[in-house]
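Breakdown of the fold
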Amino acid sequence: MNTNWCVMRTIPGKEAEAAALMEKKISRKLWASLRILRKQQLFRTKGRYLLSKKEMFPGYIFVHTTSPKELRKELEKSRQFPQLVGGQGIDIVPVEPKDLKFLKNVCGENLGHDMKLSTVEVDDEGQVKSAAGVLKPYLNQITRQRLRHRYVTARVRLFNRQEDVLFGIRVEGDPR
């Protein structure tokens, strides 16, 4: 049977709690991996930039499973588990191949890495002119840039709609 990445929804901020509960209560025969996708971001405090990590998609857990129907049945048995993305009932939604391609590009083949900072260069007007890293393919899709806050957003076709995805950036001299 095919192993697919699927997505489940839970309460934003409770992703780790829901994942831990699933690891403890649901048989590993029904799933291979759980991921809470994170991104690196710089934040400024007292004039210095520090590296932090934030959820890429607050309230979402990605699960690698060969048995989405059986997994759904197990999740339906307990109200403690996260609500799943989909219709009125509990459903497990497969990640579309084009969306998975984006996720693998920014988080690695097994979705196991944080989305890294992209290094950008700016022109004399303060506009991003080039990027190295995960932002590079989306450079011409930037919709907003906040250099002081060390991020840009780019409009990316994701999950059957246009999403403004936040990319953490660094400029020369920032911490890695």
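Look a little higher up for the structure.
In short, a report on the structure. (Residues numbered from 1 in each chain as written. Predicted model: local features only at pLDDT ≥ 70, side-chain atom pairs only at ≥ 80, totals over all residues. Heavy atoms only, no water.)

With 28 residues, the main nonpolar core has Phe102 and Phe167 as its most contacted residues. Examining the composition of this core, we find that 5 residues originate from one element, helix H3 (residues 97–107), more than from any other. When residues no more than four places from it in sequence are discounted, the contact partners of Phe102 are Met56, Tyr138, Val156, Leu158, Val165 and Phe167. Of all hydrophobic cores here, the second largest spans 15 residues; its members include Cys6, Met8, Met22 and Ile61. (Core = buried A, V, L, I, M, F, W, Y, C linked by side-chain atoms within 4.5 Å. Buried < 20%, exposed > 50% of the residue type's maximum accessible area, 1.4 Å probe, protein only. Helix = DSSP H or I, 4+ residues; strand = E, 2+ residues; numbered from the N terminus. Contact = heavy atoms within 4.5 Å.)

Turning our attention to the sheet that holds strand E7 (residues 118–122). Read across the open sheet, the 5 strands follow the order E8-E7-E11-E10-E9; overall the sheet is mixed. Pairing within the sheet leaves two strands with one partner each, and these edge strands are strand E8 (128–132) and strand E9 (142–146). Put simply, the sheet's adjacent strands are angled 40° from each other on average, direction ignored. As paired strands, E7 and E8 are joined by 4 bridges and run antiparallel to one another. Considered in E8, the bridge of Val122 is made with Val128. Contacting strand E10 (151–158) and strand E11 (161–170), H3 crosses the sheet at an angle of about 150° to E10. (Pairing = 2+ DSSP bridges. Axes fitted to C-alpha atoms, helices over the stretch in contact; angles between N-to-C directions.)

Bringing the sheet that holds strand E5 (residues 60–65) into the picture now. The strand order E2-E5-E1-E6 describes an open sheet built from 4 strands, whose pairing is antiparallel. Of all the strands in the sheet, just strand E2 (33–35) and strand E6 (93–94) have a single pairing partner and so form its edges. Taken together, the 6 bridges between strand E1 (residues 4–9) and E5 define a ladder with antiparallel strand orientation. Note that in E5 the partner of Asn4 across the bridge is Thr65.

Turning next to the environment of Phe43. Structurally, Phe43 can be placed in strand E3 (residues 38–45). By relative accessible area, which is 40% here, Phe43 ends up partly exposed. Taking C-alpha positions, Phe43 is 9.6 Å from Gly168, a pair spaced 125 residues apart along the chain. If we ignore the near neighbours within four places in the chain, the residues touching Phe43 are Arg48, Tyr49, Leu50, Leu51 and Ser52.

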